[in-house]
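Okay, here's what each chain looks like letter by letter:
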Amino acid sequence: MSARRALIAGNWKMNGLRADGLDLARALAAWLDGEGSEAAARLDMLVCPPATLVAPVASVIAGTRLTVGGQDCHAQEKGAHTGDVSAWMLKDLGCGHVIVGHSERRTDHGETDETVRAKAAAALAASLVPIICIGETEAERDAGQALAVVSRQFNGSLPEGATGTNVVIAYEPVWAIGTGRTPTTEDVAEMHQRIRADARACLGDGADALRVLYGGSVKPGNAAELMGIADVDGALVGGASLKAADFQAIASACP
Ligand code: 13P
């Protein structure tokens, strides 16, 4: 870990009805102001609920240290795009961040680097920080292509106007998502170093400020080891972000 302030982000994915989602958000906000205040002094905590819960979560956490973000946005500001949500709409609800290019979007909705870059650009235009997700599949890793794939995704997904502070990168190896499997600490370090080097090539010294999160089966039991790796600046957490105690334990383990 470095001088960069860590970000612990929870991606709730398509989980949570109103009662459970609001209870979880309230519990996390209360923790940051109480028992978790030491963690709150050194890191930022973000939850990204499903679109249906963004507004109610934003209202229950207003005035607390917990922040809320979206899980996806459309590349356009408005228009005939049934079912989609724009970055401006998320901003209007009180979001500060939006996840773009999650591997589940890339797989389920055919999103390409170009799509992701356009969404990230929309986020910047709406004054949101895009959390741009990149990561190799298991087949790509087995073929020795992990570094090349992640470099290609990074360079293809970073929007014009990106700086070290207005975007966040999340390295999420696809094969580690929801599987309970994680890369070795050496592999995570190698991938994050590559991303930092790629960032330096585009952003110059601004790359020093860029937060690069690790995501994929982060749990209380492995958080200290993963978060302790140089160039890892926090976590993007799926399953374990749905339980307040687990998410809090991950934050507490983050140096
Ligand atoms: P899990 O933590 O459930 O593996 O999910 C990771 C993820 O996809 C976060 O965006």
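Everything that follows concerns the structure shown earlier in this document.
Note that the structure is predicted; figures quoted are calculated from it, not measured. For every chain, the first residue of the written sequence is number 1, and numbering continues from 1 along that sequence. Side-chain atom pairs in this predicted model are given and counted only at pLDDT of 80 or more, local residue features only at pLDDT of at least 70, and totals for whole chains, interfaces and linings cover all residues. The side-chain values count all of the structure's non-hydrogen atoms but skip hydrogen atoms and water molecules.

*Asks:* Could you clarify how one ought to interpret the nonpolar core in this entry?
*Replies:* If you look at soluble globular proteins, the nonpolar side chains tend to sit buried side by side. Residues grouped as a nonpolar core are buried Ala, Val, Leu, Ile, Met, Phe, Trp, Tyr and Cys residues, joined through side-chain atoms within 4.5 Å. When accessible area is computed with a 1.4 Å probe and restricted to protein chains, residues below 20% of their type maximum are described as buried, those above 50% as exposed, and intermediate ones as partly exposed. With 70 residues, the main nonpolar core has Ile-8, Val-57, Leu-66, Ile-169 and Tyr-214 as its most contacted residues. Take this core: its biggest share by element is seven residues, from helix H1 (residues 18-33). Formed by twelve residues, the second largest nonpolar core is a distinct cluster that contains Ile-99, Val-168, Ala-170 and Leu-236. Counting from the N terminus, the helices are DSSP H or I runs at least four residues long and the strands are E runs at least two residues long.

*Asks:* Sorry, what's going on with the sheet that holds strand E8 (residues 234-237) here?
*Replies:* Strand pairing in a sheet is mediated by backbone hydrogen bonds. Such pairs are either parallel or antiparallel. The eight strands lie next to each other as E1-E2-E3-E4-E5-E6-E7-E8, forming a closed barrel whose pairing is parallel. Strand-to-strand twist of the sheet, defined as the mean angle between neighbouring strand axes without regard to direction, takes the value 30°. Here helix H3 (residues 51-61) sits on the sheet in contact with strand E2 (43-48) and strand E3 (66-70), set at roughly 165° to E3. Contact criterion: two residues are considered in contact whenever any of their non-hydrogen atoms come within 4.5 Å of each other. Simply put, an axis is a line fit to the C-alpha atoms, just over the touching stretch for a helix, and the angle between two N-to-C directions goes from 0 to 180 degrees. Most of the contacts of helix H8 (residues 146-157) go to strand E5 (residues 129-134), to which it runs at about 155°, and overall it touches E5 and strand E6 (168-171). A pair of strands is labelled paired if DSSP reports no fewer than 2 bridges between them.

*Asks:* Help me understand the site of the ligand in this model?
*Replies:* Contacts to the ligand come from 13 residues, most closely from Lys-13, His-102, Gly-178, Ser-217 and Gly-239. Polar contact criterion, stated in full: a pair of N or O atoms within 3.5 Å, where within protein one must be able to donate a hydrogen and the other to accept it, and residues adjacent in sequence count only if both atoms are side-chain atoms. Between Ser-217 and the ligand, the recorded distance is 2.8 Å, taken from a backbone N or O atom to an oxygen atom. Surface accessibility in these figures is a Shrake-Rupley result with a 1.4 Å probe; residues are shielded only by whichever protein chains are displayed. For the ligand, whose free accessible area comes to 310 Å², the fraction covered by protein is 97%. Any residue with at least one heavy atom within 4 Å of a molecule or strand is counted as near it.

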